[in-house]
Amino acid sequence: MEKLLEEFSLGLFIWQTVLFVLLLLLLRKYAWKPILNAVNDREEGIKNALASAEEAKKEMQNITADNDRILKEARAERENLLKEARQIKDKIIADAKDEAQVQADKLIQQAKEAFETEKQAAVAELKKQVATLSVDIAEKVVREELGNKDKQLKLVEDMLGEATLN
Amino acid sequence: MEIPAIVGAGLVVIGVGLGIGRIGGSAMEAIARQPEAYGKIQTAMLIAAALIEGIGFAALFAV
Amino acid sequence: MHRFLDHHFYLCDMHRRLSEKVLAVLLLIFSYTAYAQHDESHAEEATGKTKKEEIKEYIQHHLKDSHDFSIGSYTNKEGEHVYIGFPLPVILWDEGLKVFSSSQFHHGETVAQAGGNYYKLYHNKIYRTDAAGTISYDEEHHPTNVKPLDLSITKSVLMIIITGILMFLLFRGLARSYTTNGGIAKGIGRFFEPIVLYIRDDIAIPNIGAKHYGKYMPYLLTIFFFIWFLNIFGLTPLGVNVTGNIAITFALALLTFLITNLTANKNYWMHIFWMPGVPWPMKIILAPIELLGVFIKPFSLLIRLYANMQAGHIVLMSLIGLMFIFKSWIGSPLSFGLAFAISLIEVLVAVLQAYIFTMLSALYFGFAVEEHDHEEAH
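The rules behind the values
Residues numbered from 1 in each chain as written. Chains lettered and ligands numbered in written order. Predicted model: local features only at pLDDT ≥ 70, side-chain atom pairs only at ≥ 80, totals over all residues. Heavy atoms only, no water. UniProt positions renumbered as here; feature names shortened; annotations may be inferred. Helix = DSSP H or I, 4+ residues; strand = E, 2+ residues; numbered from the N terminus. Polar contact = N/O pair within 3.5 Å; in protein donor to acceptor, adjacent residues only side chain to side chain. 1 Å grid on protein atoms, 1.4 Å probe; cavity = no way out; pocket = protein on both sides within 12 Å on 5 of 7 lines; lining within 4 Å. Points joined across faces, edges and corners; volume = space filled by probe spheres on them. Nonpolar A, V, L, I, M, F, W, Y, C, P; charged D, E, K, R; others polar. Buried < 20%, exposed > 50% of the residue type's maximum accessible area, 1.4 Å probe, protein only. Contact = heavy atoms within 4.5 Å. Pairing = 2+ DSSP bridges.

- Labelled according to an unreviewed UniProt entry, chain B appears under the name ATP synthase subunit c, originating from Leptobacterium flavescens.
- The annotation that UniProt attaches to chain B under Sequence similarities (unreviewed entry) is "Belongs to the ATPase C chain family."

Given below as structure tokens:
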């Protein structure tokens, strides 16, 4: 122990302390702080880059999932639309059929009615014409019959004879 | 006959050597058993070794 | 008191003794080769100084701070010591500032004169002497001369300045490269950036907590690289031993101590003086222990670094020295191989000690700012 104390050099101790503290301060200002900051920045940068990459990956996954979902939805939509369209088509066809049927029926009915009317009119006309014709004929006949007196008298007699008094 | 102090110091150093050897050996075993605790074991080992070493120095420089 | 002085005398030079011990152990290992060299060492003893002593002195000299930057020395044909290196400025505060070159000491052989005073280098320490350079000793062979405050730019101070400039340029460059290179390190900074991140993620955050670690980061980074670089410089042939100097480690540990205690929160002090969750007699017993712990923690820091670096240098240099003692075909390659292996271990120790110092500092800072509600954990 005494040897250690004897060996101790105060001058060297003072130099060492002064120089070391000076070195410490200089290095702290010009080396350690910039180095540690640079390293920290770099680590921070790497961390951020990794985080954003992770984020991007997640985003990507989300987008893919979204895409899938949208695709699925679209497919379902299409299915639906097609189905609906098919239904509508069927319905329209059915409706059209019904309508056509109704219309046809109506037309047939109308036609029938018109035909009937026409027929009746025609029959009526025919009747009228027949009546007229008959009258004409009758007139002609009558006129001929009544052209000479004998015949008239004969007719009357015939008629009277026919119209026997019962 | 007076035993020189250096003999005592030597005995102390033997003890210190055995002690530090044991610490090192135990630390090795501990690390082998739990490699994941390497850092903690090493720190604990150094502290223990440093404390014992101190006694060795005290003995060496006290002579 | 007498016992104390006796003791002191007995241990007057720890380094020499430590290196002696290491040498003794190594000699034991190599005893058979040493035996083979017996005759030669006898021959050297006759010349006054054995090789062993020379090496011991050399190691001892190397471990200490010095006033000139010498990488090595040799003895030329005329028998003079020639030093390879350059002198450094000596700055003394002795009733006024005295500045002169350390070449005036001639490695302790002559007396330097500055501002009317005479100074002499004795065991790497500067003492004020008279013109003749007489140094008087007390009974334990300790100089009694006046020791002026030595603020010289010694080898260690020079290395601290060089390391400081190197660190500043290196990390300033790294900081700049982020702005010029789009947030990515460039060049050598690519090597240091992971280390900076390691200190942040594996030392600061786990020990201090994510909330408070920011303000301690500059200190932890500075201290880690400072210790590491100086440890590595210690392994180069420059032959500096800065982190193995008690004044250096003391200054570093003092800073950790000051930062810990000046930034400590109420919780920290409560755990020291009035430990929650224990009965009150225990609180009274625990308070002094905890208070002692406050000082022991940085003390162990300073001793640990010092002792590890010192020991590493002693072992390494002793092994290298052994090569010159055993000039045999088996001893020298063996010690070379050992020295090589130890060098590799020392490279590891260099970073390990820097790591432990930083780690424990972070741990102490963590104690200081800890906010816990779980009292039962203690």
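As for the environment of C:His271
Okay, step 1: In this fold, C:His271 is placed in helix H10 (residues 266-273).
Okay, step 2: At a separation of 2.9 Å, a polar atom in the side chain of C:His271 contacts the side chain of C:Asn267.

A few points about empty space enclosed by the protein
All names here are of chain C.
Okay, step 1: One pass over the structure, following the stated rule, counts two cavities of 30 Å³ or more.
Okay, step 2: As for the largest cavity, its lining consists of Thr256, Phe257, Thr260, Asn261, Tyr268, Val294, Lys297, Pro298, Tyr364 and Phe367.
Okay, step 3: Those elements that place two or more of their residues in the lining of the largest cavity are helix H9 (246-262), helix H11 (280-325) and helix H12 (331-369).
Okay, step 4: By residue number, the principal contributor to the lining of the largest cavity is H9, which donates four residues.
Okay, step 5: When grouped by side-chain class, the residues that make up the lining of the largest cavity number six nonpolar, three polar and one charged.

What about the side chain of C:Asn207?
Okay, step 1: For C:Asn207, the location among the structural elements is in helix H7 (residues 189-208).
Okay, step 2: Overall, C:Asn207 belongs to the buried group, its relative accessible area being 13%.
Okay, step 3: Engagement of the side chain of C:Asn207 in a polar contact is seen with the backbone oxygen of C:Ile203, the distance being 2.9 Å.
Okay, step 4: Excluding residues that lie within four positions of it along the chain, C:Asn207 makes contacts with B:Thr43, C:Met359, C:Ala362, C:Leu363 and C:Gly366.

Re the sheet that holds strand S3 (residues 89-93) of chain C
Residue and element names in this part refer to chain C.
Okay, step 1: Taken in spatial order, the three strands make up an open sheet running S4-S3-S8, and their pairing is antiparallel. Edge strands, defined here as strands with exactly one partner in the open sheet, are strand S4 (97-101) and strand S8 (149-150).
Okay, step 2: Sheet topology note: the S3/S8 ladder contains two bridges and is antiparallel. Paired with Leu92 across the two strands is Asp150, which belongs to S8.

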